[in-house]
Amino acid sequence: MKMETALVLITTSFPISGDGSEAAGGFVADIAEALAVHQPVRVVAPGPRQASESWCEGVEVYRFAAPERPLSTLKPWRPADLSALARVLRSGLAAARSAVQAGPCSHILALWALPSGHWARQLSKETGVPYSVWTLGSDIWQLGRVPVIRSHLRRVLRDARHCYSDGLQLADDTARIGGREVSFLPSTRRIHTRRTQPLRQAPPYRLLFLGRWHPNKGIDLLLTALALLTDSDWSRIETVLVCGGGPMQSLVEGAVARLQSEGRPVQLRGYLAKADAENVISHSDFLVIPSRVESIPVVFSDAMKLGCPVISMPVGDLKDLLTRWRVGLLAAEVNASQLAITISNALVTGTCPFAQDIPLVARAFDEQEIAARLLSETGP
């Protein structure tokens, strides 16, 4: 019986079957499953030991032994970490070679540039099978700063058939390093919830913050902005739900308590499981993203898929996305007073102006659409 031609996907981010976690790599598993609907996929991924397993129908996983710590945290100038990195490089290349040699192979897709792209490039030289690379910010903005690694990164990018980046600015920065065209291709996760409660067409509206309570995520800016809202603004708000956790917990709890003491309808919840997060987004009218630093947070694509407009600071790719598509309101500057003005404007504008563009953006972040594009560009 003739074996079907497979796509080999090499990654350092993939869940461990049966561990019950939603950890890094959930997106990679989602995209592998979406690709496998059309073509068999052999995934090369880290694990506690070298092994092979069936992930689901059409997806076989070839594990290479890797430490429990994320590879990005290993420091090559530390002898113990250098030794661990060397073992991972050998083990990963061996597992990738096994996957490529397991049967007919049309293409190798590396997620992400290093070390996955390094392995893909080596195997492409050995077998003649073309490879493509999908980059993350850590590839370009961290590893790309180290001169020797930057030179090798350039070679990995240059020799790839296609090169993708999961951010708009990241694509430009990757293109500068690789000296080649780089396409934006977002990483996203599969949504299992459908919106059952429509956006409200008139006030009072339901607002949501969902994320880490960390300065980068701007939770303090949001809470200060809420304190600046007028009684007229609050008459247009049914509730503000603040979900998450992190190092600013005491500040968040104190600010929320003060707002509640003034009769403001602010509710506080901790971290939410993925299903619960999807549920609260699907019952919200606006998701607030008050980040000081951001690329494209996964909560943004979740909101698009669940039909929820956003109120955002003008940072990173969010500024470009909300300028290009009308899927929410953008603050003029990154500060609490401008965020308060933007929230107030959203309460007056309402949700109706965003109904047309949100489905278009949601489609750009759909894993089936991403898989279809990859197959059209990397298929046999």
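What counts and how
Residues numbered from 1 in each chain as written. Predicted model: local features only at pLDDT ≥ 70, side-chain atom pairs only at ≥ 80, totals over all residues. Heavy atoms only, no water. Patch = residues over 30% accessible without salt bridge, like charges linked within 9 Å, V, L, I, M, F, W, Y side chains within 5 Å. Areas by Shrake-Rupley, 256 points an atom, 1.4 Å probe, with all protein chains shown as cover. Salt bridge = Lys/Arg side-chain N within 4 Å of Asp/Glu carboxyl O. Lys, Arg positive; Asp, Glu negative; His and termini not counted. Charge placed at Lys NZ, Arg CZ, Asp CG, Glu CD. Helix = DSSP H or I, 4+ residues; strand = E, 2+ residues; numbered from the N terminus. Buried < 20%, exposed > 50% of the residue type's maximum accessible area, 1.4 Å probe, protein only. Pairing = 2+ DSSP bridges. Expected span 1.5 Å × (residues − 1). Arc of directions from axis to C-beta. Contact = heavy atoms within 4.5 Å. Axes fitted to C-alpha atoms, helices over the stretch in contact; angles between N-to-C directions. Right-handed = clockwise from strand over helix to strand, strands pointing away. Disulfide = S-S within 2.5 Å.

*Asks:* For a positive patch on the surface, give the residues involved together with the corresponding values.
*Replies:* A cluster of basic side chains, namely K125, R150, R154 and R155, defines a positive patch on the protein surface. The dominant element in the positive patch, judged by the number of residues it contributes, is helix α5 (residues 147–159), at three residues. Since its relative accessible area comes to 32%, R154 is described here as partly exposed.

*Asks:* Summarise the pairing of strand β1 (residues 6–11); cite the residues concerned and give the values.
*Replies:* The side chains of a regular strand alternate, first on one face of the sheet and then on the other. Of all six residues that make up β1, six are buried, and the element is covered over most of its length. Covered by surrounding structure in β1 are A6, V8 and I10 together with L7, L9 and T11, the residues of both alternating faces. Across six bridges, the pairing between β1 and strand β5 (residues 105–111) is parallel. Directly across from L7, in β5, lies its bridge partner H107. Taken together, the four bridges between β1 and strand β2 (residues 41–47) define a ladder with parallel strand orientation. For L9, the partnering residue across the bridge sits in β2 and is V43.

*Asks:* Give a detailed account of helix α9 (residues 249–261), specifying residues and quantitative values.
*Replies:* The terminal C-alpha atoms of α9, which comprises 13 residues, lie 18 Å apart, in line with the 18 Å expected from a rise of 1.5 Å per residue. Three or more residues of α9 are buried, namely V252, A255, V256 and L259. For α9, the angular spread of buried residues about the axis comes to 100 degrees, placing them on one side. Among the exposed residues of α9, those pointing more than 90 degrees away from its buried face are S250, R258 and S261. Looking at the buried side of α9, the elements it contacts are α7 (219–228), α8 (231–234), β10 (237–245) and β11 (266–269). Downstream of α9 by a residue or two, G263 has a phi angle that is positive, lying close to 85 degrees.

*Asks:* Please provide a residue-by-residue account of helix α12 (residues 316–324), values included.
*Replies:* Every buried residue belonging to α12 is among D317, L318, L321 and L322, and all of these are buried. Down the axis of α12, the buried set is contained in an arc of 130 degrees. They therefore lie on one face. Exposed residues lying more than 90 degrees from the buried face of α12 are T323 and R324. Next to the buried residues of α12 lie α6 (168–178), β12 (286–289), α11 (298–305), β13 (310–312) and β14 (328–330).

*Asks:* Account for the sheet that holds β14, with residues named and values stated.
*Replies:* Neighbouring strands of a sheet are bound in pairs by backbone hydrogen bonds; such pairs are parallel or else antiparallel. Read across the open sheet, the six strands follow the order β11-β10-β9-β12-β13-β14; overall the sheet is parallel. Whereas interior strands pair on both sides, the edge strands pair on one side only; in this sheet they are β11 and β14. Geometrically, the sheet is characterised by an average inter-axis angle of 20 degrees between neighbouring strands, direction not taken into account. Two strands pair when backbone bridges link them, and strand β9 (residues 205–212) and β12 are joined in this way by two bridges, in the parallel orientation. Its bridge partner lying in β12, L207 is registered against F286. Running over the sheet, α12 touches β12, β13 and β14 and is turned about 125 degrees from β14.

*Asks:* Describe the pairing of β11, listing the residues and the values that go with them.
*Replies:* Here four bridges tie β10 to β11, and the two strands are oriented parallel to one another. Residue C243 lies in a different strand from β11, and its bridge partner there is R269. Crossover handedness for the path β10 to α9 to β11: right-handed.

*Asks:* Give me the state of the cysteines: which residues, what numbers.
*Replies:* Scanning the model with the defined rule gives zero disulfides in all. Not part of a disulfide, C56 finds its nearest cysteine sulfur in C105, a span of 18 Å. Residue classification places C56 among the partly exposed positions, given a relative accessible area of 24%.

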